[in-house]
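So the chains spell out like this:
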Amino acid sequence: MSKLTHFNQDGDAHMVDVGDKSVTRRLAVTGGEIRMQAETLQLIIDGGHKKGDVLGIARIAGIMAAKRTADLIPLCHPLMLTHVEVELIPDPKNHCVHCRSTVETRGQTGVEMEALTATQIALLTIYDMCKAVDRGMSMHNIGLLEKQGGKSGHWQSQPA
């Protein structure tokens, strides 16, 4: 196992120096889901929510969040993102909405945090918009599915 990189030799938190890293294409894909009552999901699917298009607003929130990750996570580098995609897929059989976020850049550090932030905020936005009808919603299985680029190369999660 590698050592933690956000601590210096004295054990103090610091921002990692990426200045000597190669500029490469970096990609991260993350996923997660929000579980809810069947009636809540149907309300979302039917577009009957009084606040508007729940999935459309959540998608935009996820994209905006990816772009603001360095403002939220103290030691993240501000990155010039070249692509952000947030997919929200209703799953009536399991009473949930699946989220899959893909983030890309050409840079010196990866975009895992940006993709994870996009997924979390998209799911939180669904919760916020629907909490008046279903306070029992819960988020699950949020994590990195794939990353490409940089010194560590390609990594993909193994199916459960």
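Everything below is about the structure printed above this text.
Residues numbered from 1 in each chain as written. Predicted model: local features only at pLDDT ≥ 70, side-chain atom pairs only at ≥ 80, totals over all residues. Heavy atoms only, no water.

### Observations concerning the pairing of strand β2 (residues 81-91)
So, point 1. The sheet contact formed by β2 and strand β3 (residues 96-107) spans 10 bridges and is antiparallel. The residue of β3 that forms the bridge with Val86 is Ser101.
So, point 2. Hairpin connection between β2 and β3: a loop of four residues separates the two successive antiparallel strands, and His95 in this loop has a positive phi of roughly 55 degrees. (Pairing = 2+ DSSP bridges. Helix = DSSP H or I, 4+ residues; strand = E, 2+ residues; numbered from the N terminus.)

### Quick word on helix α4 (residues 112-130)
Residues three or four positions apart in an α-helix share a direction because the helix packs 3.6 residues into each turn.
So, point 1. The first and last C-alpha atoms of α4 sit 27 Å apart over 19 residues, in line with the 27 Å expected at 1.5 Å per residue.
So, point 2. Taken together, the buried positions of α4 are Glu114, Ala115, Thr117, Ala118, Thr119, Ala122, Leu123, Thr125, Ile126, Met129 and Cys130. (Expected span 1.5 Å × (residues − 1). Buried < 20%, exposed > 50% of the residue type's maximum accessible area, 1.4 Å probe, protein only.)

### Some details on the environment of Ile89
So, point 1. Checked against the element boundaries, Ile89 lands in strand β2.
So, point 2. Between the C-alpha atom of Ile89 and that of Arg100, which follows or precedes it by 11 residues, the distance is 8.4 Å.

What is shown is where atoms sit, not what they do.
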